[in-house]
Amino acid sequence: MFNCRICKNKLPEQAELIYRHMPSCSQHLPEFPDKSGIDLEIVTCPWCGVVQLLNTPVSYYREVIRAAAYSPEMGEFRKRQFARWVEKYNLQGKKIFEAGCGKGEYLQLMQNSAPVDVYGIEYGEKSVESACKCGLKVEKIFFDHGNERLKDAPFDGFFILNYLEHIPDFSGFMRGIYNNLNPGAIGLVEVPNFDLMLKKEMFSEFTIDHLYYFTADSLKRALEIHGFDVLDCKVIWHDYIISAEVRKRAVPDFSGFKNAENKLFAQLKDFLGNAPPEDCAVWGAGHQAFALLAGAGLGEKISAIIDSAPFKQGKYSPASAVKIVPPEILENTLIKRIIIMTGSYSDEIARSINKNHPGKFKVAIVRENNLETIK
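Residues numbered from 1 in each chain as written. Predicted model: local features only at pLDDT ≥ 70, side-chain atom pairs only at ≥ 80, totals over all residues. Heavy atoms only, no water.

Participant: Can you help me understand the overall build of the chain in this one?
Facilitator: Across its full length, the chain carries 9 helices and 17 strands. Projecting the C-alpha coordinates of the chain onto the three principal axes gives extents of approximately 100 × 50 × 30 Å. When the 375 residues of the chain are sorted by exposure, 47% land in the buried category. Put simply, of all contacts in the chain between residues at least 6 apart along the chain, 64% involve residues at least 24 apart. Accessible area of the chain: about 19,500 Å², with a carbon and sulfur share of 52%. (Helix = DSSP H or I, 4+ residues; strand = E, 2+ residues; numbered from the N terminus. Buried < 20%, exposed > 50% of the residue type's maximum accessible area, 1.4 Å probe, protein only. Contact = heavy atoms within 4.5 Å. Areas by Shrake-Rupley, 256 points an atom, 1.4 Å probe, with all protein chains shown as cover.)

Participant: How do you make sense of the layout of surface pockets when you look at a structure like this?
Facilitator: Any empty space left between the atoms is revealed when a probe the size of a water molecule rolls over them. There is about 760 Å³ of room inside the largest pocket. Lining the largest pocket are 33 residues; nearest its centre among them are Asn162, Glu165, His166, Pro192 and His210. Secondary-structure elements contributing two or more residues to the lining of the largest pocket are helix 1 (72-88) and helix 5 (194-200). A class-by-class count of the residues in the lining of the largest pocket yields 19 nonpolar, 8 polar and 6 charged. Approximately 390 Å³ is the volume found for the second largest pocket. Within the residue set of the lining of the second largest pocket, elements represented by two or more residues are helix 8 (287-296) and helix 9 (346-356). Of all the elements, helix 9 adds the most residues to the lining of the second largest pocket, at 5 residues. Looking at the lining of the second largest pocket, its residues break down into 8 nonpolar, 10 polar and 4 charged. (1 Å grid on protein atoms, 1.4 Å probe; cavity = no way out; pocket = protein on both sides within 12 Å on 5 of 7 lines; lining within 4 Å. Points joined across faces, edges and corners; volume = space filled by probe spheres on them. Nonpolar A, V, L, I, M, F, W, Y, C, P; charged D, E, K, R; others polar.)

Participant: What should I look at first to understand the sheet that holds strand 14 (residues 324-325) in this one?
Facilitator: Spatially, the 6 strands line up as an open sheet ordered 14-13-12-15-16-17, and their pairing is mixed. With partners counted over all chains shown, the strands left at the sheet margins are strand 14 and strand 17 (370-374), one partner each. Bridge count for strand 12 (residues 280-283) against strand 15 (residues 337-340) is 4 bridges, and the pairing is parallel. Looking at the pairing, tryptophan 283 lines up with isoleucine 340 of strand 15. Across the sheet, helix 7 (residues 255-272) lies against strand 12, strand 15, strand 16 (362-367) and strand 17, angled at about 30° from strand 17, the strand it touches most. (Pairing = 2+ DSSP bridges. Axes fitted to C-alpha atoms, helices over the stretch in contact; angles between N-to-C directions.)

Participant: Looking at this structure, how should I read the sheet that holds strand 1 (residues 17-22)?
Facilitator: In any sheet, the strands associate via hydrogen bonds between backbone groups, in a parallel or an antiparallel arrangement. With antiparallel pairing, the 4 strands of this open sheet are ordered in space as 1-2-3-9. Here the strands that pair on one side only, and so sit at the sheet edges, are strand 1 and strand 9 (212-213). In this sheet, strand 3 (residues 51-53) lies alongside strand 2 (residues 38-44) in antiparallel orientation, the contact comprising 3 bridges. If you follow isoleucine 42 over to strand 3, its bridge partner there is leucine 53.

Participant: Mind showing me how you'd approach the environment of aspartate 34 here?
Facilitator: Among the secondary structure elements, aspartate 34 is positioned in the loop between strand 1 and strand 2. Note on aspartate 34: relative accessible area 48%, which makes it partly exposed. Separated by 294 residues in the primary sequence, aspartate 34 and glutamate 328 have C-alpha atoms spaced 90 Å apart. A polar contact of 2.7 Å, which involves the side chain of aspartate 34, links it to the side chain of serine 36. (Polar contact = N/O pair within 3.5 Å; in protein donor to acceptor, adjacent residues only side chain to side chain.)

Participant: Quick question: what am I supposed to make of the environment of leucine 11 here?
Facilitator: Assignment of secondary structure puts leucine 11 in the segment before strand 1. Placed 326 residues apart in sequence, leucine 11 and arginine 337 show a C-alpha to C-alpha distance of 59 Å.

Participant: Which parts of the structure should I look at to understand helix 2 (residues 105-113)?
Facilitator: An α-helix turns once per 3.6 residues; consequently, residues spaced three or four apart project the same way. Burial in helix 2 covers these residues: Glu105, Tyr106, Leu107, Leu109, Met110 and Ser113. Looking at the packing, one finds that the buried side of helix 2 touches helix 1, strand 4 (95-99), strand 5 (117-122), strand 6 (138-140) and strand 7 (155-161).

Participant: Would you mind going over unusual backbone geometry with me for this structure?
Facilitator: The omega torsion of the bond from alanine 153 to proline 154 falls at 0°, within 30 degrees of zero and hence cis. Looking at the secondary structure, you find proline 154 in the loop between strand 6 and strand 7. A positive phi is found at lysine 8, a non-glycine position, where the angle reads about 75°. Mapped onto the elements, lysine 8 comes out in the segment before strand 1. A relative accessible area of 44% places lysine 8 in the partly exposed class. At alanine 319, a position not held by glycine, the phi torsion is positive, near 75°. In this fold, alanine 319 is placed in the loop between strand 13 (304-306) and strand 14. In this structure alanine 319 comes out as exposed when scored by relative accessible area, which is 78%.

Participant: Would you take a moment to explain the packing of aromatic side chains for this structure?
Facilitator: How two aromatic rings sit relative to each other is given by the distance of their centres and the angle of their planes. Scanning the entire structure with this criterion turns up 23 aromatic pairs. Centre to centre, the rings of tyrosine 212 and phenylalanine 214 are 5.7 Å apart; their planes meet at 35°, and the pair counts as tilted. Overall, phenylalanine 214 belongs to the buried group, its relative accessible area being 1%. Aromatic rings pair up to connect Tyr61, Tyr123, Phe142, Phe143, Tyr163 and Phe173 into one cluster. When the ring centre of phenylalanine 142 is taken as origin, the NZ or CZ atom of arginine 62, which lies over that ring, is 5.4 Å away. Between the NZ or CZ atom of lysine 95 and the centre of the ring of phenylalanine 155, over which it lies, the distance is 5.0 Å. (Phe/Tyr/Trp six-rings, centres within 6.5 Å; stacked < 30°, edge-to-face > 60°. Lys NZ or Arg CZ within 6 Å of the ring centre and 35° of its normal.)

This is the structure:
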């Protein structure tokens, strides 16, 4: 039983496609005749939808071996693409890096296409040496776990072109990219287009070097699972490549919660004042009331929680241990102050109290993170 390399859920036990006696490599070619082959086993993850191999990856998967540099047309295409990408996302003067830069072929094109401060990471030692000899800033590293820190981090952007499909630990590698980026950093991610393979039934495109076969939809899901929002996704280069523009997803800013908590707790305590518990009640036996009573420590300052639901009456609020009673308690009671904590039902309850007991109680409503006194 194998787990999906993308989402970690269980994959089907049986391969959906098997290609027998296929080449055992596409790079690091044998220097002597070798007729041995391998069986490619292909399966679709039912959870994230990524088609993938069950095979063990090739030994050289950490290295980028790129022949695209020998195509003048590809070179011109990349220069135009890089210039547009930098302009579109205002990356001028920003630090960006290429994950898996090989000998620096695309680094040079990026450097010559746009005013950016460009870096690269590569695992192949000879490729790193070659890139550095060309004056490029390249670090020898591979994101095996995702905790690796680049010496020039953090970066404002990244690009990874036709390399992600080679990497066995997809999650670890994407985590490594994510952890070396500034908040809101922009990325350009490209992979071979499996939609084209499906449409044209291009079975010879299956190779042991490519562990994943992404459609546009499954690529989006894979990137979103790993912390990136997909801003744009399109097919380029004669439909052979899916190109996704992404942004590092921002984490929520929780700092406001504490300020709101302090303010509301102070308002609640001020409303109750020094009144004895028998004078005070809360209306609403729901999660909001339970949280506020427990968080603000008001359990000892009120005598009851009023609620219309019979199945809650006679029971107690969790954590604050206040008894829940029916609204009829208000017919003959010492209660003088009521705080309504029922979310979208609060105004309805306030009108009911005013109708049935006009002027009898001092009433306040918790609205979001504020206490509003009802006149």
